[in-house]
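The primary structure of each chain is shown beneath.
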Amino acid sequence: MSTLEEHVDVGVSIDQAWDSLHRVENYSRFVDGVRGARTEAEGRAHLDVEAGGRAREFEAELSDRREERVMEWHTMGTPELTGSFSLQPIDRNHTRVQARLEYDPDTLRAEFGGPRGFAQASTIERLVRTDLQHFKKYVERGR
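Note that the structure is a prediction, hence the values are computed from the model and not measured. (Residues numbered from 1 in each chain as written. Predicted model: local features only at pLDDT ≥ 70, side-chain atom pairs only at ≥ 80, totals over all residues. Heavy atoms only, no water.)

J.: Can you lay out the nonpolar core for me, pointing to particular residues and giving the numbers?
T.: One broad trend across soluble globular proteins is that nonpolar side chains are buried collectively. Counting 32 residues, the largest nonpolar core has V10, Y27, V97 and F135 as the members making the most contacts within it. In terms of residue count, the dominant contributor to this core is helix α3 (residues 118-140) (six residues). What V97 contacts, discounting residues up to four positions off in sequence, is E6, H7, V8, V10, F85, S86, L87, L132 and F135. (Core = buried A, V, L, I, M, F, W, Y, C linked by side-chain atoms within 4.5 Å. Buried < 20%, exposed > 50% of the residue type's maximum accessible area, 1.4 Å probe, protein only. Helix = DSSP H or I, 4+ residues; strand = E, 2+ residues; numbered from the N terminus. Contact = heavy atoms within 4.5 Å.)

J.: Please set out the sheet that holds strand β2 (residues 34-40) residue by residue, giving values where relevant.
T.: If you trace the seven strands from one edge of the open sheet to the other, you get β1-β7-β6-β5-β4-β3-β2, paired in antiparallel fashion. Since the sheet does not close on itself, it has two edges, and those belong to β1 (2-10) and β2, each with one partner. Each adjacent strand pair in this sheet contributes to an overall mean axis angle of 20°, direction not counted. Of the strand pairs in this sheet, strand β6 (residues 82-91) and strand β7 (residues 94-103) are connected by nine bridges, and their pairing is antiparallel. Residue pairing across strands places S86 opposite Q98, the latter belonging to β7. Seen against the sheet, helix α1 (residues 14-21) touches β1, β4 (54-65), β5 (70-76), β6 and β7 and runs at an angle of roughly 160° to β6. (Pairing = 2+ DSSP bridges. Axes fitted to C-alpha atoms, helices over the stretch in contact; angles between N-to-C directions.)

J.: Describe the pattern of salt bridges, listing the residues and the values that go with them.
T.: Pairing of side chains with opposite charge becomes possible as their charged atoms draw close. A complete count under the given rule lists twelve salt bridges for this structure. Among the ionic pairs, E61 bridges to R44, the shortest N-O distance being 4.0 Å. Separated by 17 residues along the polypeptide, E61 in strand β4 and R44 in strand β3 (residues 44-51) bring together distant segments of the chain. According to the relative accessible area criterion, R44 is partly exposed, its value standing at 31%. A salt bridge links R129 to E125; its shortest N-O distance comes to 3.5 Å. In this pair, R129 and E125 both sit in helix α3, four residues apart, roughly one turn of the helix. Put simply, E5, R100 and E102 are held in one network by salt bridges that share partners. (Salt bridge = Lys/Arg side-chain N within 4 Å of Asp/Glu carboxyl O.)

Printed below as a string of structure tokens:
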């Protein structure tokens, strides 16, 4: 398993950032490749994703520790992905959003195609950084 951690500082309160992360139906607005998403019963979410030219559907189980401002998720089935978002207040109107992703590069390559090794790892890092920047723009616009 590989682990990736990235963060972005956003110009909104921790409550605004937290609420936006919990609106799964809006993920297509800031996560590249997500074509549709919806919340389902019992802490689950359904995501329609296109990556590497391939369309896939994912079911993910979500859990959160609201008092700690940590939201964790993991996919149900293949590919097995686990991640979390943790929020830390910088000040009243600024929040650090930390994303953590655990994945098996070989499994992702098999599911979505693409190169092995460093090239794939750098692609995933770039995607996560880009998604965090999109989230920053999304929440700072107040949508």
